[in-house]
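Architecture at a glance
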Amino acid sequence: EAGVAQSPRYKIIEKRQSVAFWCNPISGHATLYWYQQILGQGPKLLIQFQNNGVVDDSQLPKDRFSAERLKGVDSTLKIQPAKLEDSAVYLCASSLARPPGQTFHNEQFFGPGTRLTVL
Amino acid sequence: AQKVTQAQTEISVVEKEDVTLDCVYETRDTTYYLFWYKQPPSGELVFLIRRNSFDEQNEISGRYSWNFQKSTSSFNFTITASQVVDSAVYFCALSGSEDFFKAAGNKLTFGGGTRVLVKP
């Protein structure tokens, strides 16, 4: 079974430029997550999708970050314009959907991440 | 609000020694899940174990074991007879019931991680 795919693996840009990351989740996984991992810290959730709808984007800096999952499969995360503090690894994860009200927590599978350096 | 604290930033051991990673969490939820993930140098987070708040029974899985104590809000993780391949950053994470009752909510709150270096 193929895992979560992400591209590019590395990206170097200058501040104020734009950048986009792509993620293809595991087939059949309705839930998709984007996390930001700053060097030396744990991942922080940016946005969570259920199919093509947003479940949680409370920690997404919406003035510069945007994300979409138009067909409910792959997703793109965009930063425009980038700042120095956006330098981080951006991790995509996916999981099976779980109906609301059920407490079982489906395992999240993570991709290899995209390492962004903003100069 | 949920919080996960891993006080140890780095642990260095010699191969075959046991290593225990500490994790302390905060949550107001009565139902929650706790996790340990491993992040090797390649960068991909690998799921290791999951525990729900209803079950405080401690278990062993191969060389991994965990000690869940609800009374002290701790979820410690032990690698027995460490190997060089265990060298990685280990993250403790929490998912609370507030998220369960959103549509498919599975939000993970991670600790800061503990780097484990196993020397041959």
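Residues numbered from 1 in each chain as written. Chains lettered and ligands numbered in written order. Predicted model: local features only at pLDDT ≥ 70, side-chain atom pairs only at ≥ 80, totals over all residues. Heavy atoms only, no water.

Before going further, it helps to spend a moment on the overall build of chain A. In terms of helices and strands, chain A carries zero helices and 11 strands. In chain A, the order of α-helices and β-strands from amino to carboxyl end is β-β-β-β-β-β-β-β-β-β-β. Whereas a compact globule of 119 residues would reach a radius of gyration of roughly 14 Å, chain A reaches 14 Å, a difference of no more than 12%. Principal axes of the C-alpha set define a box for chain A whose edges measure 45 × 30 × 30 Å. Per-residue burial for chain A yields a buried fraction of 45% across its 119 residues. Taking the intrachain contacts of chain A between residues at least 6 apart in sequence as the baseline, contacts between residues at least 24 apart amount to 55%. Accessible surface for chain A amounts to roughly 5,700 Å². Of this, 52% is attributable to carbon and sulfur atoms. Positive and negative charge centroids in chain A, built from 13 and 10 side chains respectively, lie 4 Å apart. (Helix = DSSP H or I, 4+ residues; strand = E, 2+ residues; numbered from the N terminus. Rg over C-alpha atoms; globule rule 2.2 N^0.38 Å. Buried < 20%, exposed > 50% of the residue type's maximum accessible area, 1.4 Å probe, protein only. Contact = heavy atoms within 4.5 Å. Areas by Shrake-Rupley, 256 points an atom, 1.4 Å probe, with all protein chains shown as cover. Lys, Arg positive; Asp, Glu negative; His and termini not counted. Charge placed at Lys NZ, Arg CZ, Asp CG, Glu CD.)

Right, let's get into the side chain of B:Thr114. Residues and elements named next belong to chain B. Turning to its location among the elements, Thr114 is positioned in strand β12 (residues 114-119). Side chain to side chain, Thr114 and Gln6 meet in a polar contact 3.5 Å long. Among residues more than four places away in sequence, those in contact with Thr114 are Gln6, Gln8, Thr9, Glu10, Ile11, Leu21, Ala88, Val89 and Tyr90. (Polar contact = N/O pair within 3.5 Å; in protein donor to acceptor, adjacent residues only side chain to side chain.)

With that settled, the discussion passes to the pairing of strand β3 (residues 19-24) of chain A. Residues and elements named next belong to chain A. Alternating positions in β3 separate cleanly, Val19, Phe21 and Cys23 being buried on one face and Ala20, Trp22 and Asn24 remaining unburied on the opposite face. Pairing geometry for strand β1 (residues 5-7) and β3, over three bridges, is antiparallel. What sits directly across from Ala5, in β3, is Asn24. Here β3 runs beside strand β8 (residues 75-79); their pairing, made up of five bridges, is antiparallel. Opposite Cys23, over in β8, you have Ser75 as the bridge partner. (Pairing = 2+ DSSP bridges.)

Below, the discussion takes up the environment of A:Leu91. Among the structural elements, A:Leu91 can be located in strand β9 (residues 88-95). In sequence terms A:Leu91 and A:Val4 are 87 residues apart; their C-alpha atoms lie 9.8 Å from each other.

Scope: geometric values only; no functional claims are made or implied.
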